[in-house]
Amino acid sequence: MRQETKCIEGGYTPKNGESRMIPIYQSTTFKYDTSEDMGKLFDLEASGYFYTRLQNPTNDLVAAKITELEGGTAGMLTSSGQAANFYAVFNLANAGDHVVAFSSIYGGTFNLFNVTMRKMGIDFTFVEPDCTAEELEAAFKPNTKCVFGETIANPALAVFDIEAVANIAHKHGVPLIIDNTFATPINCRPFEWGADIVTHSTTKYMDGHDATVGGAIIDSGKFDWMAHADKFPGLCTPDDSYHGITYAEKFGKEGAFITKATAQLMRDFGSIPSPMNCFMLNLGLESLALRMKRHCENAQKVAEYLSAHPQVAYVTYPGLPGDKYYERAQKYLPNGSCGVISFGVKGGRKAAEEMMKHLKLAIIATHVADAHTCVLHPASATHRQLTDEELTACGVLPDMIRFSVGIENVDDIIEDLDQAFKACK
Ligand SMILES: *Cc1c(COP(=O)(O)O)cnc(C)c1O
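Structure report, in brief. (Residues numbered from 1 in each chain as written. Predicted model: local features only at pLDDT ≥ 70, side-chain atom pairs only at ≥ 80, totals over all residues. Heavy atoms only, no water.)

## Overview of the sheet that holds strand β12 (residues 400-404)
Right, on to step 1. Pairing is mixed in the open sheet, where 5 strands are placed in the order β8-β9-β12-β11-β10. Because the sheet does not close on itself, it has two edges, and the strands there are β8 (312-316) and β10 (363-364).
Right, on to step 2. Bridge count for β10 against strand β11 (residues 374-376) is 2 bridges, and the pairing is parallel. Directly across from Ile364, in β11, lies its bridge partner Val375.
Right, on to step 3. Running at roughly 120° to strand β9 (residues 340-345), helix α14 (residues 348-357) makes contact with β9, β10, β11 and β12 of the sheet.
Right, on to step 4. Against the sheet, helix α16 (residues 410-423) touches β8, β9 and β12, its axis set at about 15° to β9. (Pairing = 2+ DSSP bridges. Helix = DSSP H or I, 4+ residues; strand = E, 2+ residues; numbered from the N terminus. Contact = heavy atoms within 4.5 Å. Axes fitted to C-alpha atoms, helices over the stretch in contact; angles between N-to-C directions.)

In structure tokens:
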């Protein structure tokens with residue numbers, strides 16, 4: 001199946017007489033005939049459902065669709081993108097371990113790593129999005145457990161060199177985790193370039209309608225944990241909290257990572273999305289391919305309009321020839337990048353805030369990447385907690401506006417920008 005078809009048909013094929021839509025198992029619990037049947041589930045001897053804090057059939061059908069879209073072997077949904085990134089990293093790195101992360105990542109993820117996970121005893125080295133191979137190599141330590149980056153960084157819009165970084169990560173015996181939220185598997189499939197684990201904030205394009213917060217983790221099934229058993233004891237030695245199961249042995253390369261994340265992290269932290277929210281996410285997924293195409297077409301036109309505007313200081317959009325990441329986007333994102341543009345208004349931070357006040361169609365919202373056009377000043381909103389130094393490291397300039405182009409008629413979006421620029425002349 002091609003990507004457009006997987007968006008509709010992936011993950012679930014109804015049998016004779018079954019519901020066409022994914023059924024909503026709005027149930028916390030599941031019934032068994034004998035305690036023995038139940039015991040097998042607890043021992044991970046049989047697969048099945050017993051309690052929705054760990055797993056739910058509706059959730060798994062939707063996770064299966066995203067797994068097919070990404071070309072992975074196993075996947076799980078989480079209650080938010082934050083939970084997905086936390087689980088993906090914490091499934092590999094524990095107290096005393098170290099992670100290499102790119103500094104251009106989403107502000108929430110940066111804070112999760114740099115503040116909260118440091119409190120858990122995990123050490124992070126942040127590297128610049130355009131660091132050289134030597135600089136990246138120098139960031140590795142003997143206790144490094146993974147490398148983390150975003151396909152298209154939110155909001156810096158730096159395009160990640162997945163193939164090059166994956167090669168370096170593998171040379172050091174660790175997997176590359178890619179947050180593919182902005183590109184979605186419609187525009188980029190990181191596994192094809194060597195990434196090992198993909199995460200998503202499904203809150204963005206996948207849901208697409210400002211309706212549900214959620215996240216996903218997908219495993220490529222390619223990383224050979226056993227070949228680096230000394231680095232990954234959590235996957236390669238018996239888990240005492242599961243009667244001595246060794247995940248990498250019992251579930252192989254294809255299933256070990258997600259089984260461990262479900263059995264340990266979902267069990268203990270419980271960041272499970274509700275089946276109803278997963279159902280809604282699935283509705284979003286059905287039109288993902290159509291919407292991404294429209295987002296990219298609209299954003300291309302808006303980026304071209306902005307770059308020709310005399311009141312605009314600069315425009316960042318990977319689809320614009322001349323953009324710092326244009327060449328790389330041609331390689332990794334040949335069908336389009338995303339609907340998000342950043343730009344600066346001449347006159348700096350004050351002028352940017354003034355211009356935003358006059359926008360009518362584009363609403364000011366702490367959100368991005370969905371059907372409605374929206375706009376945000378990151379330095380005074382999502383990235384408010386960061387110092388100027390940290391802002392620069394994330395690629396966020398103080399005067400930068402993040403403009404998320406929706407799927408409305410593009411002429412209306414451009415007219416809205418036009419009247420706002422005129423109003424602050
Ligand atoms: C929004 C976002 C997150 C966090 O996701 P939530 O669903 O808001 O928890 C993580 N990564 C990226 C790239 C994001 O845009």
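## A few points about unusual backbone geometry
Right, on to step 1. The omega torsion of the bond from Asn154 to Pro155 falls at 0°, within 30 degrees of zero and hence cis.
Right, on to step 2. Note that Pro155 resides in the loop between β4 (144-150) and α7 (162-171).
Right, on to step 3. Phi is positive for Leu44, which is not a glycine, with a value near 60°.
Right, on to step 4. Position of Leu44 relative to the elements: it lies in the loop between α2 (35-42) and α3 (57-70).
Right, on to step 5. Of note, Ala369 is a non-glycine position whose phi angle comes to about 65°, a positive value.

## As for the environment of Ala256
Right, on to step 1. Relative to the assigned elements, Ala256 resides in helix α10 (residues 247-269).
Right, on to step 2. Exposure remark for Ala256: the relative accessible area of 0% places this residue in the buried category. (Buried < 20%, exposed > 50% of the residue type's maximum accessible area, 1.4 Å probe, protein only.)

## Focus on the environment of Ile8
Right, on to step 1. Position of Ile8 among the secondary structure elements: in helix α1 (residues 3-9).
Right, on to step 2. Each C-alpha atom of the pair Ile8 and Phe403 lies 29 Å from the other, and the pair is 395 residues apart in sequence.
Right, on to step 3. Look past the residues within four positions of Ile8 in its chain and what remains in contact with it is Lys65 and Glu286.

## Looking at the pairing of strand β3 (residues 123-127)
Right, on to step 1. Sheet analysis places strand β2 (residues 98-102) next to β3, joined by 5 bridges and oriented parallel. Its bridge partner lying in β3, His98 is registered against Asp123.
Right, on to step 2. Once you follow β2 into helix α5 (residues 107-119) and on to β3, the crossover reads as right-handed. (Right-handed = clockwise from strand over helix to strand, strands pointing away.)

## What to know about empty space enclosed by the protein
Right, on to step 1. Per the counting criterion, the structure on display carries 1 cavity of 30 Å³ or more.
Right, on to step 2. Each pocket or cavity is described by its volume, and for the largest cavity that value is around 60 Å³.
Right, on to step 3. Together, Leu77, Thr78, Thr202, Thr212, Val213, Gly214, Gly215, Pro273, Asn277, Cys278 and Leu281 line the largest cavity.
Right, on to step 4. Those elements that provide at least two residues to the lining of the largest cavity are β1 (74-78) and α11 (275-286).
Right, on to step 5. Ranked by residues supplied to the lining of the largest cavity, first place goes to α11 with 3 residues.
Right, on to step 6. Here the residues of the lining of the largest cavity are counted per class, giving 5 nonpolar, 6 polar and no charged. (1 Å grid on protein atoms, 1.4 Å probe; cavity = no way out; pocket = protein on both sides within 12 Å on 5 of 7 lines; lining within 4 Å. Points joined across faces, edges and corners; volume = space filled by probe spheres on them. Nonpolar A, V, L, I, M, F, W, Y, C, P; charged D, E, K, R; others polar.)

## Focus: the nonpolar core
Right, on to step 1. Grouped together as the largest cluster of nonpolar side chains are 108 residues, with contacts concentrated most on Leu176 and Trp225.
Right, on to step 2. The greatest single-element share of this core, amounting to 9 residues, is contributed by α10.
Right, on to step 3. Both domains that furnish three or more residues to this core are identified here as domain 1 (3-282) and domain 2 (289-423).
Right, on to step 4. Non-local contacts of Leu176, meaning those with residues more than four positions away in its chain, are made with Val147, Phe160, Ile162, Val165, Ala166, Ala169, Ala195, Asp196 and Ile197. (Core = buried A, V, L, I, M, F, W, Y, C linked by side-chain atoms within 4.5 Å. Domains from an automatic or database assignment.)

## Let's talk about the site of the ligand
Right, on to step 1. Surveying the vicinity of the ligand reveals 16 residues, the closest of which are Asn154, Asp179, Ser201, Thr203 and Lys204.
Right, on to step 2. A distance of 2.7 Å separates a nitrogen atom of the ligand from a polar side-chain atom of Asp179.
Right, on to step 3. Summarising the interface, the protein chains cover 93% of the accessible area of the ligand, which totals 380 Å² for the free molecule.
Right, on to step 4. Looking at the shell around the ligand element by element, the count peaks at 3 residues for helix α4 (residues 81-90).
Right, on to step 5. Among the residues forming the shell around the ligand, the class breakdown is 3 nonpolar, 10 polar and 3 charged. (Near = heavy atom within 4 Å. Polar contact = N/O pair within 3.5 Å; in protein donor to acceptor, adjacent residues only side chain to side chain. Areas by Shrake-Rupley, 256 points an atom, 1.4 Å probe, with all protein chains shown as cover.)

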